[in-house]
Amino acid sequence: MSAGVAWIKHLSRRRGKETFQQAFRMYRFHKTPFEQIIHNILSVVESYNASYTFPTVASTALQKPDLLRKIVDAKCEIAVHGYQHVKYPLISAEAQENDMGKALAVFRRMRIPVKGFRAPYNAYDSNTPSIVEKHRFLWDAGIGYANENRSKTDFFKVRQSGRDLDFFCIPLNGLSDDMMIDELQYSVIEMTKHLTKALDEAKKTKGVIMFDLHPIRIGQPQYVEVLDRLVSHGTKIGAWFPTVSEAVNTKISKGDWKGYDFCCLLTGDVDNFHFSDYIKRLR
Ligand SMILES: [Zn+2]
């Protein structure tokens with residue numbers, strides 16, 4: 001066997017193992033019913049009068065309308081995370097437009113108000129921003145994940161063909177739960193340390209910081225304490241925790257954070273409620 005072939009075999013074995021390990025992790029996480037996961041998150045944010053924004057895949061949302069209603073009633077927000085969890089750069093502009101339109105129609109039918117968008121996998125191509133504008137979204141929460149945008153400290157706009165597009169973009173901090181838990185295998189204490197440090201830095205800028213903490217991980221009994229410690233610390237140092245729409249609207253109308261020192265946006269994507277739907281995505 002040549003060295004090259006051996007290397008490819010090694011890589012594919014390794015990739016196979018990683019995919020298996022990740023699937024096993026998700027299998028264990030999905031043993032906690034999503035109702036419990038959302039209840040754990042809402043209990044924490046409600047106790048601090050904070051809010052959370054959940055970009056949700058529309059075809060998933062359809063499976064649990066009562067749960068979505070519960071989120072909205074708890075003064076939290078739902079946003080669009082595609083109709084299906086597909087990588088937009090891999091589909092045509094027409095298919096992207098179709099997917100976004102189908103998602104909006106679902107939430108309209110469910111009477112769930114949605115003002116924001118985050119593309120699945122935070123993956124955009126050059127067509128996506130104008131399609132987001134065309135669908136009249138107020139804000140986008142995924143363009144801010146690009147390396148050149150992550151460290152920004154205020155809302156920003158996408159500039160195309162010599163003009164700013166209508167919607168607001170938000171920088172997305174790189175400390176995601178999947179990186180901290182799945183990749184780096186941080187403990188609760190380590191996660192808390194890194195997240196609160198990021199909050200301390202954000203306070204200095206008097207700007208906005210946004211985290212993507214997926215409910216499937218942060219809502220688990222063993223990790224929801226991280227969320228509690230994060231919001232507790234933020235509350236002590238003058239952070240405001242509104243929904244994304246509330247933050248954008250306040251900034252537009254008043255130009256500040258309602259008297260708070262800075263703004264922290266807690267967001268978490270809901271890709272699927274059931275392990276069987278997670279597995280379908282791997283195919
Ligand atoms: Zn997602």
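Small disclaimer: the values here were computed from a predicted structure and weren't measured.

Engineer: Sorry, what's going on with unusual backbone geometry here?
Structural biologist: Leaving glycine aside, a negative phi is the common case for residues, and trans is the common case for peptide bonds. One non-glycine residue, N49, lies in the positive phi region at around 60°. Its place among the elements puts N49 in the loop between α2 (34-47) and β1 (53-56). In this model, Q185 sits at a positive phi of 50°, which is unusual for a non-glycine residue. Looking at the secondary structure, you find Q185 in the loop between α8 (177-183) and α9 (188-205).

Engineer: Is there a simple way to think about the coordination of the zinc ion in this case?
Structural biologist: Ideal coordination angles are 109.5 degrees for a metal with four donors arranged tetrahedrally and 90 or 180 degrees for a metal with six donors arranged octahedrally. At 2.1 to 2.3 Å from the zinc ion lie its protein donor atoms, namely H81 (NE2), H85 (NE2) and D271 (OD). Within one chain, the residues donating to the zinc ion are spaced in sequence as H-x3-H-x185-D. No difference in accessibility class separates H81 from H85, as the two residues are buried.

Engineer: Before we go on, may I ask you to explain a nonpolar patch on the surface in this structure?
Structural biologist: A cluster of nonpolar side chains, F20, F24 and Y27, forms an exposed patch at the surface whose accessible area comes to about 340 Å². Within the fold, Y27 resides in helix α1 (residues 3-29).

Engineer: I tried to follow the environment of S51 on my own but got confused; where do I start?
Structural biologist: Along the chain, S51 falls in the loop between α2 and β1. Expressed as a C-alpha distance, the spacing of S51 and G116, which sit 65 residues apart in the sequence, is 15 Å. Aside from chain neighbours lying at most four places away, what touches S51 is V45, K75, C76, F241, P242, T243 and L266.

Engineer: I tried to follow the domain arrangement of the protein on my own but got confused; where do I start?
Structural biologist: Interface extent is often summarised as the accessible area lost during association of the parts. Annotation of the protein at the domain level lists domain 1 (1-31) and domain 2 (32-282). A separation of 29 Å is found between the C-alpha centroids of domain 1 and domain 2. Taken together, the contact pairs 10 residues of domain 1 with 18 residues of domain 2. Ranking the residues of domain 1 by area buried against domain 2 places M26, F29 and H30 at the top, with a combined share of 58%. Our count for the domain 1 to domain 2 interface comes out at six residue pairs in polar contact (both at pLDDT 80 or more). Taken together, the residues that form the side of domain 1 that touches domain 2 break down as four nonpolar, three polar and three charged.

Cut-offs used in this document
Residues numbered from 1 in each chain as written. Predicted model: local features only at pLDDT ≥ 70, side-chain atom pairs only at ≥ 80, totals over all residues. Heavy atoms only, no water. Helix = DSSP H or I, 4+ residues; strand = E, 2+ residues; numbered from the N terminus. Donors = N, O, S within 2.8 Å, 3.2 Å for Na, K, Ca; no water. Buried < 20%, exposed > 50% of the residue type's maximum accessible area, 1.4 Å probe, protein only. Patch = residues over 30% accessible without salt bridge, like charges linked within 9 Å, V, L, I, M, F, W, Y side chains within 5 Å. Areas by Shrake-Rupley, 256 points an atom, 1.4 Å probe, with all protein chains shown as cover. Salt bridge = Lys/Arg side-chain N within 4 Å of Asp/Glu carboxyl O. Contact = heavy atoms within 4.5 Å. Domains from an automatic or database assignment. Buried area = accessible area lost by both parts, 1.4 Å probe. Polar contact = N/O pair within 3.5 Å; in protein donor to acceptor, adjacent residues only side chain to side chain. Nonpolar A, V, L, I, M, F, W, Y, C, P; charged D, E, K, R; others polar.

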